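Close look at the chain arrangement
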Amino acid sequence: MHPLAELLNKNEMWLMRRIRDYAVERDYSRYTSTLEEAWRISIAGLTNSITSALAISEQPWELGPDDTFIDDPIAAFGVLEAQRHRSRGVTLEMFMGLMKYYRQTYLDLVRTSYPSLNESNGDGPSAIRFIERVFDRIEIAFSAEWSRGETINRAIDELQAANRAITNEKNKFLTIFESLPTAVFLLDDSRRIVHMNQAGAKMISSAAQAGGHYYSPSESRIPFPWLADELSRFRETGDEKEYEYHAELPDGTARQVLARFHPMQDISFKYAGTVVILQDITERKKAEEELKQTQAHLVQQEKMASVGQLAAGVAHEINNPLGFIISNLSTLGRYLDRLTEFIAVEDQVLSHAGDVANAEQLAAIRKKLKIDYIAKDARDLISESMDGADRVRRIVHDLQSFSRIDQADCTVVNLNETLATTINIAWNESRHVAAIIREFGDIPAIKCYPQQLGQVFLHLLANAAQSMDNQGTITLRTWSDESRVNISISDTGRGIPAKDLSRIFEPFFTTREIGRGTGLGLSISYGIVKNHGGEITVQSEIGKGSTFTVRIPLRVEN
């Protein structure tokens, strides 16, 4: 390959950037793109023309008076470029001026590569003259093309065809832009809306129509109404972060959006600004929240099922030793009665035997060993042990009721019974901090899921007990009306701040310190009550306590 051809091909990017810089500096970029690829194609075409000329002759192509430059294959690319520029409305004078800078770009490269231009260095002057003559032939060729008689008519036809193509392209891209489901805004340096698609315009005005902003006068541009601080930071740092933003719309509705910023890709240095994309994620956030609640519900159900299995196992294991403990205590009581009866008979026999010395000795030993006290205290110990064992038996019974498999089904039950069982289960946690007051009314049995409602009551009792700073009271009331059974659980604890009342049923929301709660109890309770067609409400006052009220319909649809 000829050294000049090798030089030009090797420095294609340098040539491209050099001519683009000339065009921007001399304002020729007003009528063309500043994208590198557009300029690279022109450089590649001109380099091919010079390389083709070198393949024919390595000597500079001198100009002859009879040469037909318009049919010159070396100039063909230049003629084609002239036609393309002419169809875009570029004048001959403008195109000739731009071609002078193309020529200058190639000469700059050669002069940089061949600093010495004296005649003794054969490559330098020869290369410069060669490039000069190729550009001369190209310029003469497209000047001849431009000056033909039919050129004006052809130029008009070309302009009309180009305008139709441009209009079609504009309409196509406008249609695509307006059809995007995501809101897109183009902002100028003052954060005013230069353009927005229909999805974006709908966020500004519910009456917006497709293309309405595009065809509106430029003086009607309005400031972008959201994300002022975030946009300012973006302008300063250029950090293309995403923001979740709560946008208040003019009609009073609120939408959750995912905001993205991007600098406008200005290919002609005339449209500096920012692209803002707002993706409406309101429904997605709702779905995520519902999924989170469902997952939490499933986790809690699985957890409670495991607790139920554990309770059933524990109850079964306790029942066996508890059975023989109670049996043994009962037998021990009967044995003690017989021993006491025997001692009484023995006393009578000794008193009638007349052996005073032995009787006194036995009496002294009996007193020393506190036989009478032991006999009486043993009865008390057995009685207390029987009471304790009976309480353990009731707890085991309640655990079995709590974990009973058939209770997982919908059945008819009196909720007073469910409450009583739940109180026994929660007794150990609440007895040290509160007295439990029962105010059970005469309520009808209802069809429900008693195990699930027992779980609700257990959560509410546990929360009431944990709200106590000092000894207090927990009051459970039940009553019914024409359509519902009502259960209220009131405590005299700390109370719930007003700012938290609207959030206490949210999953994972808790006012306790880290490690003291998951924030799932009340959300699960809320879901259970809602599944029964009922409602759960709360009233609270700081320092005076809280009241949770559960209302279950008398007839639950299944």
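Below is a short write-up of the structure. A quick note: this is a predicted structure, and the numbers were derived from the prediction, not measured.

Of all the residues in helix 9 (residues 228–237), the buried ones are Glu230, Leu231 and Phe234. One side of helix 9 carries all its buried residues, which in axial view fall inside an arc of 100°. Away from its buried face, by an angle of more than 90 degrees, helix 9 presents the exposed residues Asp229 and Glu236. Where helix 9 is buried, its residues touch strand 1 (183–187), strand 3 (242–248), strand 4 (254–263) and strand 5 (274–280).

As a further point, take the pairing of strand 4. Taken together, the seven bridges between strand 3 and strand 4 define a ladder with antiparallel strand orientation. Across the sheet, residue Glu244 finds its bridge partner in strand 4, namely Leu258. Joining the antiparallel neighbours strand 3 and strand 4 is a turn of five residues, in which Gly252 adopts a positive phi near 95°.

A word on the packing of helix 3 (residues 36–56) against helix 5 (residues 92–113). Between helix 3 and helix 5, whose axes approach to 12 Å, the crossing angle comes to 65°. Our classification of the angle between helix 3 and helix 5 gives roughly perpendicular. As for the relative orientation of helix 3 and helix 5, their crossing is right-handed in sense. Residue-level inspection shows Trp39, Ser42, Ile43, Leu46, Thr47 and Ile50 of helix 3 in contact with helix 5, the latter providing Leu98, Met99, Tyr102 and Tyr106. For the contact of helix 3 with helix 5, a count of residues per class yields eight nonpolar, two polar and no charged.

The next thing to look at is empty space enclosed by the protein. For the structure on display, the rule yields two cavities of 30 Å³ or more. Taken as a whole, the second largest cavity encloses approximately 50 Å³ of empty space. Around the second largest cavity sit Ser42, Leu46, Phe77, Gly78, Glu81, His85, Phe95, Met99 and Tyr102, which together line it. Looking at which element gives the most residues to the lining of the second largest cavity, the answer is helix 4 (residues 76–87), with four residues. Taken together, the residues of the lining of the second largest cavity break down into five nonpolar, three polar and one charged.

This part covers unusual backbone geometry. Not every positive phi belongs to a glycine, and Arg191 is a case in point at roughly 65°. Even without being glycine, Leu227 reaches a positive phi, approximately 60°. Secondary-structure assignment places Leu227 in the loop between helix 8 (198–204) and helix 9.

Read across the open sheet, the five strands follow the order 7-9-10-12-11; overall the sheet is mixed. At either margin of the open sheet sits one strand with a lone partner, and together these are strand 7 (434–440) and strand 11 (535–541). Across this sheet, the average inter-strand angle for adjacent strands is 15°, counted without regard to direction. Strand direction decides the pairing type here: strand 9 (residues 472–480) and strand 10 (residues 484–491), joined by seven bridges, are antiparallel. Each bridged residue has a counterpart across the sheet, and for Arg477 the counterpart in strand 10 is Ser488. Against the sheet, helix 16 (residues 521–531) engages strand 11 and strand 12 (545–553), with an angle of about 25° to strand 12.

A word on a nonpolar patch on the surface. Together, Phe173, Ile176 and Leu180 give the surface a local cluster of nonpolar side chains, amounting to about 280 Å² of exposed area. By secondary structure assignment, the location of Ile176 is in helix 7 (residues 151–179).

What follows covers the packing of aromatic side chains. For the structure on display, the rule yields eight aromatic pairs. Centroid distance Tyr22 to Tyr101: 5.4 Å. Interplanar angle 35°. Geometry classified as tilted. In this pair, Tyr22 sits in helix 2 (residues 12–25) while Tyr101 sits in helix 5, placing the two residues 79 residues apart along the sequence. With a centroid separation of 5.6 Å and 55° between ring planes, the pair formed by Phe234 and Phe261 is classed as tilted. A residue pair is termed long-range when its members are at least 10 positions apart, and Phe234 in helix 9 and Phe261 in strand 4 qualify at 27 residues. Grouping residues by exposure puts Phe234 and Phe261 together as buried. Over the aromatic face of Trp479 sits the side chain of Arg477, whose NZ or CZ is 4.5 Å from the ring centroid.

With respect to the element layout, Glu81 can be found in helix 4. Using a relative accessible area of 10% as the deciding quantity, one classes Glu81 as buried. Placed 39 residues apart in sequence, Glu81 and Ser42 show a C-alpha to C-alpha distance of 8.1 Å. The contact partners of Glu81, leaving out residues within four places of it in the chain, are Ser42 and Phe95.

Attention shifts here to the nonpolar core. With 40 residues, the main nonpolar core has Leu4, Ile50, Tyr102 and Tyr106 as its most contacted residues. Looking at this core, the elements with two or more residues in it are helix 1 (3–10), helix 2, helix 3, helix 4, helix 5 and helix 6 (123–147). Not counting residues within four places of it along the chain, the set of residues in contact with Tyr102 comprises Ile19, Trp39, Ser42, Ile43, Leu46 and Phe135. One finds Leu415, Ala464, Leu476 and Ile489 within the second-largest nonpolar core, a separate group that totals 35 residues.

Interhelical geometry of helix 1 versus helix 5 gives an angle of 115° and a closest axis separation of 11 Å. By the angle between their directions, the pair helix 1 and helix 5 is classed as roughly perpendicular. For the crossing formed where helix 1 meets helix 5, the hand is right-handed. Counted together, Leu4, Leu7 and Leu8 of helix 1 and Tyr106, Leu109, Val110 and Ser113 of helix 5 form the full contact between these two elements.

Our next topic: the sheet that holds strand 4. An order of 2-1-5-4-3 is seen for the five strands of this open sheet, with the pairing classed as antiparallel. Among the strands making up the open sheet, the edge pair consists of strand 2 (193–196) and strand 3. If you compare each strand with its neighbour and ignore which way they point, the axes differ by 30° on average. Across the sheet, helix 9 is in contact with strand 1, strand 3, strand 4 and strand 5; its angle to strand 4 comes to roughly 15°.

Counted at 1.5 Å a residue, the expected span for helix 14 (residues 450–466) with its 17 residues is 24 Å, and the 24 Å between its end C-alpha atoms agrees. In terms of residue burial, helix 14 counts as a mostly covered element, since twelve of its 17 residues are buried. Where helix 14 is concerned, the buried positions are Pro450, Leu453, Gly454, Gln455, Val456, Phe457, His459, Leu460, Leu461, Ala462, Ala464 and Ala465.

The rules we used
All chains use their own residue numbering, which begins from 1 and follows the written sequence. With pLDDT at 70 or above as the cut-off, local features in this predicted model cover only qualifying residues; side-chain atom pairs require 80 or more to be listed or tallied, and sums for whole chains, interfaces and linings still use all residues. Excluding hydrogens and water, the side-chain figures rest on all heavy atoms present in the structure. The buried label applies to any residue whose accessible area, calculated with a 1.4 Å probe on protein chains only, is under 20% of its type's maximum; exposed applies above 50%, and partly exposed to all values in between. A run of H or I in DSSP counts as a helix once it spans at least four residues, and a run of E counts as a strand once it spans at least two, with each numbered from the N terminus. Picture the helix axis, draw a direction to every C-beta atom, and the arc is the one those directions span. The contact criterion used throughout is that any non-hydrogen atoms of two residues lie within 4.5 Å. By definition, two strands form a pair when at least two bridges between them are found by DSSP. Note on geometry: axes are lines fitted to C-alpha atoms, helical ones only across the stretch in contact, with angles between N-to-C directions running from 0 to 180 degrees. Angular relationships are summarised with four words: roughly parallel below 35 degrees, roughly antiparallel beyond 145, roughly perpendicular across 65 to 115, and oblique for the angles in between. Two helices crossing with the near one rotated counterclockwise from the far one by less than a right angle form a left-handed crossing, whereas a clockwise rotation gives a right-handed crossing. Here the nonpolar group is Ala, Val, Leu, Ile, Met, Phe, Trp, Tyr, Cys and Pro; Asp, Glu, Lys and Arg are the charged ones; every other residue, Gly included, is treated as polar. A 1.4 Å probe that fits into a set of points on a 1 Å grid over the protein atoms alone but cannot get out defines a cavity; an open set with protein on both sides within 12 Å along at least five of seven lines defines a pocket, and lining residues are those with an atom within 4 Å of a point. Grid points are joined across faces, edges and corners, and a volume is the space filled by probe spheres set on the points. The patches described consist of residues with a relative accessible area above 30% and no salt bridge, like charges being joined within 9 Å and nonpolar side chains (Val, Leu, Ile, Met, Phe, Trp, Tyr) within 5 Å. Only the protein chains shown count as cover for residues, and the accessible areas themselves come from Shrake-Rupley with a 1.4 Å probe. What makes a salt bridge here is a side-chain nitrogen of Lys or Arg within 4 Å of a carboxyl oxygen of Asp or Glu, nothing more. Note on ring pairs: Phe, Tyr and Trp rings are taken, using the six-membered ring of Trp, and paired if centres are within 6.5 Å. Classes follow the plane angle, with under 30 degrees stacked, over 60 edge-to-face and the rest tilted. Should the NZ of a Lys or the CZ of an Arg lie within 6 Å of a ring centre and within 35 degrees of the ring normal, that charge is described as sitting over the ring. What makes a nonpolar core is a set of buried Ala, Val, Leu, Ile, Met, Phe, Trp, Tyr and Cys residues whose side-chain atoms join them at distances within 4.5 Å. Multiply 1.5 Å by the residue count of a helix minus one, and that product is the helix's expected span.

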